[in-house]
Amino acid sequence: AQSVTQLDSHVSVSEGTPVLLRCNYSSSYSPSLFWYVQHPNKGLQLLLKYTSAATLVKGINGFEAEFKKSETSFHLTKPSAHMSDAAEYFCVVRGLTGGGNKLTFGTGTQLKVEL
Amino acid sequence: KAGVTQTPRYLIKTRGQQVTLSCSPISGHRSVSWYQQTPGQGLQFLFEYFSETQRNKGNFPGRFSGRQFSNSRSEMNVSTLELGDSALYLCASSLDTGGETQYFGPGTRLLVL
C-alpha cells in the first residue's frame, strides 16, 4: 500500500524567506505524487504533480518539489514566502492497487507566514 | 471552463436522518471521486465513479453510498446519520480513471446534531 508522511504539522516562516515542507512516501511502485493546498474554507488546489518524468517539478505560484527516490522524499519548496501562501498543504500519493484514482493524503502541514 | 460544483455548500441534519450531496464535474470529465475531511481523521477516500460504475471504495460503512449518472454528475448518500459524520465532503473530477489529475470542488460542509 502507498502512504505519505508529512514530517511537520506546523511551519512558520517570515515573509520573503524560503519555505520547506517535508514529505516522505512509501510505495511498492514508482509513485505518482502530488502537493495540494487548501486555503481556509476552500477546496483543494493542485500545486504540482510528479509522474515519473523530471525529478524536479515546478508548480504554480513559485512552488517546486524534488522527487528523491534514494531518500523516498518529495519535499515542497519556495524561495520566498508571501503572505498569501498561508494555508494548509497536503502531500498526496495516488494508489495503484486496482487502478483508478484513489488518493491517499498526508496529515497536512499548516504554513504560517509572518511579517 | 467551469470548475467542479457541489451542492449544497452547507447542511445541518440531525442524527438518524439521511442526506444526499451532489457533485457536477468539470465538463468532459468522466471520473468523480468523493473524500471526507475531518479534523481527527484528515482526508479520506470514500469512493470513485467512472462511467456510472463504482471503481474504488474506501473503508467506510455501507451507510455511505453513491452513484453516477450518464452525464457524469454524481451523488453521495449517507443514511442514518451519526454525529461523527460531521465533516467537509469534497468531490473531485478527472478526465479519466487512469491517474489523471483530480480537480476538487469547494466541498459540502455537513453538521450532524
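Refer to the preceding data block for the structure.
Summary of the structure given here. (Residues numbered from 1 in each chain as written. Chains lettered and ligands numbered in written order. Predicted model: local features only at pLDDT ≥ 70, side-chain atom pairs only at ≥ 80, totals over all residues. Heavy atoms only, no water.)

Let's talk about the state of the cysteines
Residue and element names in this part refer to chain A. Taken as a whole and assessed by the stated rule, the structure comprises two disulfides over all chains. Between the sulfur of Cys23 and that of Cys91 lies a disulfide, 2.0 Å long from S to S. On the sign convention where negative is left-handed, the bridge of Cys23 and Cys91, at about -65 degrees about the S-S bond, is left-handed. Within this pair, whereas Cys23 is found in strand E4 (residues 23–26), its partner Cys91 is found in strand E10 (residues 87–94), the two being separated by 68 residues in sequence. Overall, the relative accessible area of 0% leaves Cys23 in the buried class. (Disulfide = S-S within 2.5 Å. Helix = DSSP H or I, 4+ residues; strand = E, 2+ residues; numbered from the N terminus. Buried < 20%, exposed > 50% of the residue type's maximum accessible area, 1.4 Å probe, protein only.)

Brief notes about the sheet that holds strand E1 (residues 5–7) of chain B
All names here are of chain B. With antiparallel pairing, the four strands of this open sheet are ordered in space as E1-E3-E8-E7. Looking at which strands have only one partner, the edges of the open sheet turn out to be E1 and strand E7 (64–68). On average, adjacent strands in this sheet sit at an angle of 20 degrees to one another, irrespective of strand direction. In this sheet, strand E8 (residues 74–78) lies alongside strand E3 (residues 19–24) in antiparallel orientation, the contact comprising five bridges. Bridged to Cys23 within E8 is Ser74. (Pairing = 2+ DSSP bridges. Axes fitted to C-alpha atoms, helices over the stretch in contact; angles between N-to-C directions.)

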